[in-house]
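Here is what each chain is made of, one letter per residue.
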Amino acid sequence: MTTSPASARRDLSDAPLLVAARGGTPAHVPVWFMRQAGRSLPEYRKIREGVPMLTACLDPELLAEITLQPVRRHGVDAAILFSDIVVPLYAAGMDIDIVAGTGPVVANPVRSRADVAALPELDPEQLKPVADGVRLLVEQLGRTPLIGFAGAPFTLASYLIEGGPSKNHARTKALMHGEPELWHELAEALARTALTFLRVQLDAGVDAIQLFDSWAGALSPRDYREFVLPHSTTVLEGVASYGVPRIHFGVGTGELLPDMRDADADVVGIDWRVPLDEAVRRLATPDRPAPVVQGNLDPALLTAPWSVIEAETRRVVSEGRAAGGHIFNLGHGVPPETDPEVLSRIVELVHSL
């Protein structure tokens, strides 16, 4: 890339999100929402009319505008790059699409050694539109940090093997246990893809990154340690030299938290199933007694009465005080039916606590 990490990155050392991520004491509890840029916003639905998802993700001006929309509307403490975890696979030339109401769908699932050998290697130049979009955002975000992200190798592999979203990940687990050598070849290839995707974003100027392992909760701790942890660690350690906070998030991963901690993230995202103070207890080690956590309001509650949302928001903030740092977020993404005003009110409330 033409821009070096040192010259691209802004000095946002006092930004509440970055302070909290590093275990410091921010001016207020920082808050952002997974999927804050998207279907819950009328301005997003308008700008996306007739534009396929993956097209929007690879249009610098469009992805920048969509990323900025929730920052303007809600006053959140971070923007997260508008993209999708399958963007690097699509950019590399794979026949993959995001189908409305379904999610990523792979035309030719990966289930054999020949399929793994045929996976294209991602060239950073194939991600130039993403890098250009990040640079536009860095110019326009002022003092608001920008979070980049990638899908973790396990979740990417699951999409490729299953051919799309799956409830039980049966084919993935069968390949994982039945052909472990092939599994590790696939996971290593996808770790390289995720690393390239993150490094492109980092070289263009993002201020933090998040590694999404959306489906890791389908695994036992033993399987996670053997088949997943080494590859997630490869990705997180591979961007450590940039010196930006690294967040690691999965859904349904309460039993995996001690192992996810070992993947070398600075912040562990917690879904709504485990209270933050209990998550801190599970994550704590003698050399890291107060880990930094992110989360974890149940997104299903966003359509409840405000009195419920307020009480639950206060509870989450209170439980987060057990951590060495707390970034307020949902336990997963913003549902499309959410009233945007509710998110704005949550931001205002969290900042006041």
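Here the structure is a predicted model, which means the values were calculated and not measured.

(A) Focus on the confidence of the model for the chain. Averaged over the chain, the pLDDT score is 94; the fraction of residues at 70 or greater is 98%. Segment residues 1-7 is flagged for pLDDT under 50; beyond a separation of four residues in sequence, or across chains, it makes 13 contacts in the model.

(B) Seen up close, the sheet that holds strand S9 (residues 325-330). Reading across from one edge, S1-S4-S5-S6-S7-S8-S9 is the order of the seven strands in this open sheet, with parallel pairing throughout. Because the sheet does not close on itself, it has two edges, and the strands there are strand S1 (79-80) and S9. Relative to strand S4 (residues 146-151), S1 runs parallel, the two being bridged by two bridges. Paired with Ile 80 across the bridge in S4 is Ile 147. Packed on one face of the sheet, helix H14 (residues 276-283) meets strand S7 (267-269), strand S8 (292-297) and S9 and runs near 150° to S8.

(C) Looking closely at the environment of Gly 324. Within the secondary structure, Gly 324 sits in the loop between helix H15 (306-320) and S9. Gly 324 gets classed as partly exposed once you look at its relative accessible area, which sits at 23%. C-alpha separation for the pair Gly 324 and Thr 25, spaced 299 residues apart in sequence, amounts to 9.0 Å. Ignoring any residue separated from it by four or fewer positions in sequence, one finds Gly 324 in contact with Gly 23, Gly 24, Ala 290, Pro 291 and Val 292.

(D) Summary view of unusual backbone geometry. The amide bond that connects Gly 295 to the next residue, Asn 296, takes the cis arrangement and shows omega of -10°. Structurally, Asn 296 is set in strand S8. Positive phi outside glycine occurs at Arg 35, with the angle close to 60°. Its place among the elements puts Arg 35 in the loop between helix H2 (16-21) and helix H3 (42-47). Here the phi dihedral of His 169 falls at roughly 55°; this positive angle occurs in a residue that is not glycine. On the secondary structure map, His 169 appears in the loop between helix H9 (153-162) and helix H10 (170-178). By relative accessible area, His 169 is classed as buried at 3%.

(E) Molecular detail of the side chain of Arg 10. Position of Arg 10 among the secondary structure elements: in the loop between helix H1 (5-8) and H2. Relative accessible area serves as the criterion here: at 16%, Arg 10 is assigned to the buried category. Polar contacts involving the side chain of Arg 10 include one to the main-chain carbonyl oxygen of Thr 144, which spans 3.0 Å. For Arg 10, the side chain forms a polar contact with the side chain of Asp 207, separated by 2.5 Å. Sequence-distant contacts of Arg 10, that is, excluding residues within four places in its chain, are made with Val 138, Leu 141, Gly 142, Thr 144, Pro 145, Leu 146 and Asp 207.

(F) Seen up close, H10. Among all positions of H10, only Thr 172, Leu 175 and Met 176 are buried. All buried residues of H10 project into a common sector of 100° when viewed along the axis, lining one side. Residues of H10 that are exposed and angled more than 90 degrees away from the buried face: Ala 174 and Gly 178. On its buried side, H10 packs onto H9, helix H11 (180-204) and helix H12 (221-238).

(G) Focus on the pairing of S9. Most of S9 sits out of view: six of its six residues are buried. Pairing analysis gives six bridges linking S8 to S9, with the strands arranged parallel. Following the sheet pairing, Asn 296 is matched in S9 by Asn 329. Chirality of the crossover, the property in question, places the unit of S8, H15 and S9 among those that are right-handed.

The rules behind each value
- Residues numbered from 1 in each chain as written.
- Predicted model: local features only at pLDDT ≥ 70, side-chain atom pairs only at ≥ 80, totals over all residues.
- Heavy atoms only, no water.
- pLDDT = per-residue confidence, 0-100.
- Contact = heavy atoms within 4.5 Å.
- Pairing = 2+ DSSP bridges.
- Helix = DSSP H or I, 4+ residues; strand = E, 2+ residues; numbered from the N terminus.
- Axes fitted to C-alpha atoms, helices over the stretch in contact; angles between N-to-C directions.
- Buried < 20%, exposed > 50% of the residue type's maximum accessible area, 1.4 Å probe, protein only.
- Polar contact = N/O pair within 3.5 Å; in protein donor to acceptor, adjacent residues only side chain to side chain.
- Arc of directions from axis to C-beta.
- Right-handed = clockwise from strand over helix to strand, strands pointing away.

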